[in-house]
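# A closer look at the structure
These are the residues of each chain, in order.
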Amino acid sequence: MHVDSSEAVRTLKAFRHQRVLVVGDVMLDRYFWGTVTRVSPEAPVPIVAKQRTSYSPGGAANVAVTVAALGGHAVLVGAGGDGPEGRELHAALAERGVGPSDVILSPRRRTTVKTRIIAHNQQLLRIDEEDTSSIDPELITELLDRIEDRLPTVTAVILSDYAKGVLTPELLTEIISRARRLGLPVLVDPKGSDFTRYNGASLLTPNRAEAFLSAGFHIDHGAKVADVGAHLMDSLAIDALLITEGEAGMTLFERRDSAIHLPASARVVYDVTGAGDAVIATLALALGAGGSMRIATYLANLAGGLAVEQLGTATITTAALEGVLGDHHHPLPLFSEVAIARGVQ
């Protein structure tokens with residue numbers, strides 16, 4: 001199935017006029033970069049001689065950074081701790097063109113920090129520091145007040161759920177209903193097994209494992225992505241579903257009796273960190289610009305492919321996407337229809 005390349009280009013150029021509200025679990029990605037020349041005498045592990053440390057926004061914060069890198073304006077709402085990690089996150093956001101003022105730094109929260117140790121372009125270890133408890137009612141009210149003020153100014157909404165406690169059921173319901181009343185597309189990067197908490201959303205973007213888990217299907221028992229997607233479309237009150245499948249590409253469901261598949265566009269895979277963020281940021285900008293769901297998915301597939309070709313948390317630009325669209329030496333993958341067989345589980 002061919003894609004209208006002129007529509008894709010027009011949609012991409014309209015990214016710069018879009019304002020996207022991103023709400024979810026913000027994080028700080030910390031990197032220790034070094035070299036390995038020997039193994040520890042204390043245990044069979046490499047000794048990393050640390051050379052430098054770098055910081056970048058992660059989680060929902062990286063989604064916002066990706067929106068900004070793609071030419072859009074990101075409005076980020078979230079919560080972190082008021083310690084040095086929270087301040088480092090604010091600084092990292094400001095450096096990348098995302099205003100941090102709506103990321104509330106609370107003495108009652110802890111900033112989620114993911115520390116990655118990298119040597120010779122390989123990730124050796126990740127250390128997580130996090131608080132996954134639900135935010136308190138006072139913080140929910142404060143976030144809702146800010147969201148209510150920002151909604152009339154944006155063209156799309158992204159809910160970036162990493163199960164770190166910010167997107168409570170109450171907050172999800174309020175954001176989705178308020179945004180849809182304004183006619184805004186609401187896109188969700190979901191987490192957990194209960195996707196009904198996102199009912200009312202325009203689009204969910206689970207990966208393959210998340211989709212199978214939510215549908216209650218067993219990956220090893222012969223079920224296919226098409227069957228899982230059809231089941232979820234039957235059981236959820238959403239407009240569309242996009243299941244990302246890593247090196248196998250992604251499958252889009254807009255109706256309950258059909259689906260279309262798009263092969264992966266990546267030419268080499270270095271690191272999958274941030275690929276899902278690149279996909280949902282591109283989708284939101286494209287839908288906010290009035291692009292069709294298929295054009296949005298097409299551009300998101302290209303963005304995801306570019307993301308995995310980079311080491312570390314990836315940031316994609318419109319120039320990079322335009323380069324891929326104009327690269328005639330590498331034919332772009334096209335959609336294909338997918339048959340759905342009911343009753344498989």
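Up top you'll find the structure we're talking about.
Now for a quick tour of the structure.

Quick notes on the rules
- Residues numbered from 1 in each chain as written.
- Predicted model: local features only at pLDDT ≥ 70, side-chain atom pairs only at ≥ 80, totals over all residues.
- Heavy atoms only, no water.
- Helix = DSSP H or I, 4+ residues; strand = E, 2+ residues; numbered from the N terminus.
- Buried < 20%, exposed > 50% of the residue type's maximum accessible area, 1.4 Å probe, protein only.
- Contact = heavy atoms within 4.5 Å.
- Areas by Shrake-Rupley, 256 points an atom, 1.4 Å probe, with all protein chains shown as cover.
- Patch = residues over 30% accessible without salt bridge, like charges linked within 9 Å, V, L, I, M, F, W, Y side chains within 5 Å.
- Salt bridge = Lys/Arg side-chain N within 4 Å of Asp/Glu carboxyl O.
- Pairing = 2+ DSSP bridges.
- Axes fitted to C-alpha atoms, helices over the stretch in contact; angles between N-to-C directions.
- Parallel < 35°, antiparallel > 145°, perpendicular 65-115°, else oblique.
- Nonpolar A, V, L, I, M, F, W, Y, C, P; charged D, E, K, R; others polar.

### Focus: the overall build of the protein chain
- Within the protein chain one finds 10 helices and 14 strands.
- Evaluated residue by residue, the protein chain yields a buried proportion of 53% over its 345 residues.
- In the protein chain, 69% of the contacts between residues at least 6 apart in sequence involve partners at least 24 apart.
- Here the protein chain displays about 14,700 Å² of accessible surface, and carbon together with sulfur accounts for 50% of that area.

### As for a nonpolar patch on the surface
- Residues Leu124, Leu125 and Ile127 make up a contiguous nonpolar surface patch of about 240 Å² in total accessible area.
- In this structure, Leu125 sits in strand β7 (residues 122–129).

### Considerations on the sheet that holds strand β6 (residues 112–119)
- Sheet architecture is open: four strands sit in the order β3-β2-β6-β7, paired in mixed fashion. Of all the strands in the sheet, just β3 (46–59) and β7 have a single pairing partner and so form its edges. Across the sheet, the axes of successive neighbouring strands diverge by a mean angle of 20 degrees, strand direction being ignored.
- Relative to β6, strand β2 (residues 26–39) is paired through eight bridges, and the arrangement is parallel. Note that in β6 the partner of Gly34 across the bridge is Ala119.
- Seen against the sheet, helix α2 (residues 60–69) touches β2 and β3 and runs at an angle of roughly 70 degrees to β3.

### Here we look at helix α7 (residues 225–235)
- Of all 11 residues in α7, eight are buried; the element is thus mostly enclosed.
- Every buried residue of α7 is accounted for by Val225, Ala226, Asp227, Val228, Gly229, Ala230, Leu232 and Met233.
- The secondary structure elements touched by the buried residues of α7 are α6 (208–215), β11 (240–244), β12 (250–255) and β14 (336–338).

### Thoughts on the sheet that holds strand β5 (residues 103–106)
- What the 10 strands build is an open sheet, ordered β5-β4-β1-β8-β9-β10-β11-β12-β13-β14; its pairing is mixed. The outermost strands of the open sheet, each flanked by one partner alone, are β5 and β14.
- Relative to β5, strand β4 (residues 73–81) is paired through four bridges, and the arrangement is parallel. Looking across to β5, one finds that Gly78 is bridged to Val103.
- Where helix α5 (residues 169–181) meets the sheet, it contacts β1 (19–24), β8 (156–160) and β9 (186–189), and its direction lies at approximately 165 degrees from that of β8.
- Strands β1, β8, β9, β10 (203–204), β11 and β12 of the sheet are contacted by helix α8 (residues 275–288), whose axis makes an angle of about 175 degrees with β9.

### Details of the packing of helix α1 (residues 5–13) against helix α10 (residues 318–325)
- Following both chains from N to C, one finds α1 and α10 inclined at 170 degrees, their axes separated by 11 Å at the closest point. With respect to α10, the axis of α1 lies roughly antiparallel. Here Val9, Leu12 and Lys13 of α1 come into contact with α10, specifically with Thr318, Leu321, Glu322 and Leu325.
- Partitioned by chemical class, the residues of the contact of α1 with α10 number four nonpolar, one polar and two charged.

### Some points on the pattern of salt bridges
- Considering all chains together, one arrives at 18 salt bridges under this definition.
- Lys164 is the salt-bridge partner of Glu130, the closest N and O atoms lying 2.6 Å from each other. Of this pair, Glu130 sits in the loop between β7 and α4 (137–150) while Lys164 is found in the loop between β8 and α5, placing the two residues 34 residues apart along the sequence.
- The class for Glu130 is partly exposed, based on a relative accessible area of 30%.
- Residue Lys164 is classed as buried on the basis of its relative accessible area, which comes to 13%.
- Residues joined by salt bridges that share partners form a network here, namely Asp102, Glu142, Arg146 and Arg150.

### Examining the environment of Ala278
- Among the secondary structure elements, Ala278 is positioned in helix α8.
- In this structure, Ala278 is in contact with Thr66, Ala303, Ala307 and Ile316, ignoring residues within four places of it in sequence.

### So, the pairing of β7
- In this sheet, β7 lies alongside β6 in antiparallel orientation, the contact comprising seven bridges. Residue Ile117 lies in a different strand from β7, and its bridge partner there is Leu125.
- Where β6 folds back on β7, the antiparallel hairpin that results is connected by two residues, among which His120 adopts a positive phi of roughly 55 degrees.

### Here we look at the environment of Lys50
- Summarising the element assignment, Lys50 is placed in strand β3.
- Between the C-alpha atoms of Lys50 and Trp33, which are 17 residues apart in sequence, the distance is 5.7 Å.
- Residues contacting Lys50, with those up to four places away along its chain left out, are Phe32, Trp33 and Gly34.

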